[in-house]
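Descriptive structure summary
One-letter residues, chain by chain:
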Amino acid sequence: MKDFSGLEAFKLDVLKEVGNIGAGNAATALSRLLDKPVDMAVPQVSLLPFEQISEIVGGSEQTVIAVFLRVEGDAPGNMFFIIEEPSAKRMLQRLLAMNIQLDETYSELELSALCEIGNILAGSYLSSLADFTGLAMMPTVPSVALDMAGAILSYGLLQFGEMGDSALLIETAFLEDRDLLEGHFFLIPDPDSFDKIFRALGVTSE
């Protein structure tokens, strides 16, 4: 597995700036879609091993909502926007002002709304990364699922084969009346794609 732990702080700052700009673009896009102000907190950005993704969202057996899409182009990979259930319900209720049932069921409309939020986030972060690197990176049509985190990640592996060893984590938080509505956004480049991204950024992973 590639070891990025030795990256100097300013190199990780480049990825943080990608997250900041992507979050700003996503907030603007959501504001237009919802016709209301949407604020997003400055995202926390980090690199972590692929196998730690389940732990971040509460464990492999934790039931989550996940928006999944494939990244195509010069640096292909996979993207997941994963929301734990309490946050998903609050996001629907507070951000989208939807009348929801506070149980473990989701209507098609609710899942579609969460999928669209994930789609806007994915497009915004990916566009930001493409602008920084000059690489062509295009998202596919997203899909949404309600399942255990481990099952969702396994589905991604089955659909597209081996994923890269490392993931870029962007901790995403919307601000609604001082309340944080949190989600986890993961970019998991294919095995060779991280090197392409870092080279395009003028960063080596040696």
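This one's a predicted model, so the numbers in the text were calculated from it and none came from an experiment.

**Details of helix α4 (residues 108-133)**
For α4, which comprises 26 residues, the first-to-last C-alpha distance of 37 Å matches the rise-based estimate of 38 Å (1.5 Å per residue) to within 8%. G134 sits one or two residues past α4 and shows a positive phi near 75°.

**Observations concerning the nonpolar core**
Core analysis: the biggest nonpolar cluster contains 46 residues, and L121 and F174 have the highest contact counts within it. Examining the composition of this core, we find that ten residues originate from one element, α4, more than from any other. I53, V64, A66 and I152 belong to the second largest nonpolar core, which has 16 residues in total.

**Observations regarding the pairing of strand β8 (residues 179-189)**
Counting buried positions along β8 yields eight of eleven residues, so the element is predominantly enclosed. Relative to β8, strand β7 (residues 166-176) is paired through nine bridges, and the arrangement is antiparallel. Bridged to I170 within β8 is F185.

**Re the pattern of salt bridges**
Taken as a whole and judged by the stated rule, the model has one salt bridge. The partner of D190 in a salt bridge is R70, with the nearest N and O atoms 2.6 Å apart. Note that D190 is positioned in the loop between β8 and α6 (193-200) and R70 in strand β3 (residues 63-73), a separation of 120 residues in sequence.

**What about unusual backbone geometry?**
Phi is positive for D35, which is not a glycine, with a value near 55°. With respect to the secondary-structure elements, D35 resides in the loop between α1 (9-34) and β1 (39-40). A residue is classified by how much of its surface remains accessible, and D35, at 71% relative accessible area, is exposed.

**Quick look at the packing of aromatic side chains**
All chains considered together, the criterion is met by four aromatic pairs. For the pair F68 and F80, a centre-to-centre distance of 4.7 Å together with 45° between the ring planes defines the contact as tilted. Of this pair, F68 sits in strand β3 while F80 is found in strand β4 (residues 77-84), placing the two residues twelve residues apart along the sequence. When sorted by exposure, F68 lands in the same class as F80, which is buried. Here the aromatic cluster, defined as three or more aromatic residues joined through ring pairs, consists of F81, Y125 and F185. Just above the ring of Y106 sits the side chain of K89; from NZ or CZ to the centre is 4.1 Å.

Cut-offs applied
- Residues numbered from 1 in each chain as written.
- Predicted model: local features only at pLDDT ≥ 70, side-chain atom pairs only at ≥ 80, totals over all residues.
- Heavy atoms only, no water.
- Helix = DSSP H or I, 4+ residues; strand = E, 2+ residues; numbered from the N terminus.
- Expected span 1.5 Å × (residues − 1).
- Core = buried A, V, L, I, M, F, W, Y, C linked by side-chain atoms within 4.5 Å.
- Buried < 20%, exposed > 50% of the residue type's maximum accessible area, 1.4 Å probe, protein only.
- Pairing = 2+ DSSP bridges.
- Salt bridge = Lys/Arg side-chain N within 4 Å of Asp/Glu carboxyl O.
- Phe/Tyr/Trp six-rings, centres within 6.5 Å; stacked < 30°, edge-to-face > 60°.
- Lys NZ or Arg CZ within 6 Å of the ring centre and 35° of its normal.

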